[in-house]
Amino acid sequence: MVISKNDLKNILEQWKNGSIGSEEVHKWAEDRYAVSGWETDNEVTNEVLAELDMLNMNLLIKEDADFLLEILNDPSIITGEQAAAKLEEFHGKIDMNKRKRELSSDPLYAPFCK
């Protein structure tokens, strides 16, 4: 089965508006990323899916969904390398110590907040 850019946009919109939580987003991605029987429609979709698969490790929260949507919607980002570079740049702007304090009691994120 193919995971499309639109599939990811739909999941991100649901997360952003609170219809689903971080656990559901993570589980959805974990069940699809690098799993036999699933593939993505392009490299950019694959990079964003990988990011959702690791959202707990990277301490991503629903407020970050807008940035991930920007990557999917940006016509100038056409390769996995470009998407990965944007994600790395974004990670550099996150106050990880603050996120760790805020998320340390959430079971999804707690193992990565030490």
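Along every chain, residues carry numbers that run from 1 in the direction the sequence is written. In view of the model being predicted, local features appear only for residues whose pLDDT reaches at least 70, and side-chain atom pairs are presented and counted only at 80 or more, with totals across whole chains, interfaces and linings using the full set of residues. Processing note: side-chain calculations cover all non-hydrogen atoms of the structure and skip hydrogens and water entirely.

Q: Just to check I follow, could you spell out the overall build of the protein for this structure?
A: Along the backbone of the protein there are 6 helices and 2 strands. Listing every helix and strand of the protein by position from the N terminus yields β-α-α-β-α-α-α-α. Computation of the radius of gyration draws on C-alpha atoms alone. For the globule rule, the value is 2.2 Å times the number of residues to the power 0.38. Its C-alpha atoms give the protein a radius of gyration of 14 Å, near enough to 13 Å, the size a compact globule of 114 residues would have. Overall size of the protein, expressed as C-alpha extent along the three principal axes, is 35 × 25 × 25 Å. Each helix is a run of H or I in the DSSP string that is no shorter than four residues. Each strand is a run of E no shorter than two, and both are numbered from the N terminus.

Q: Please clarify how the packing of aromatic side chains should be interpreted in this entry.
A: We describe a pair of aromatic rings using the distance from one ring centre to the other and the angle between the two ring planes. What counts as a ring pair is set by centres within 6.5 Å for rings of Phe, Tyr and Trp (its six-membered ring), and what kind of pair is set by the plane angle: stacked under 30 degrees, edge-to-face over 60, tilted for all other angles. On inspection of all chains with the given rule, the structure shows 1 aromatic pair. Aromatic pair F67 and F90: ring centres 4.2 Å apart, planes at 5 degrees, arrangement stacked. Taken together, the residues span a long stretch of sequence, with F67 in helix α4 (residues 65-73) and F90 in helix α5 (residues 80-93) at a distance of 23 residues. Exposure categories follow from relative accessible area, calculated using a 1.4 Å probe and restricted to protein chains: below 20% of the type maximum is buried, above 50% is exposed, and the middle band is partly exposed. We classify F90 as buried; its relative accessible area is 16%. A ring is scored as having a charge over it whenever the NZ atom of a lysine or the CZ atom of an arginine sits within 6 Å of its centre and within 35 degrees of its normal. Directly above the ring of W38 sits R32, whose terminal nitrogen or CZ lies 4.7 Å from the centroid.

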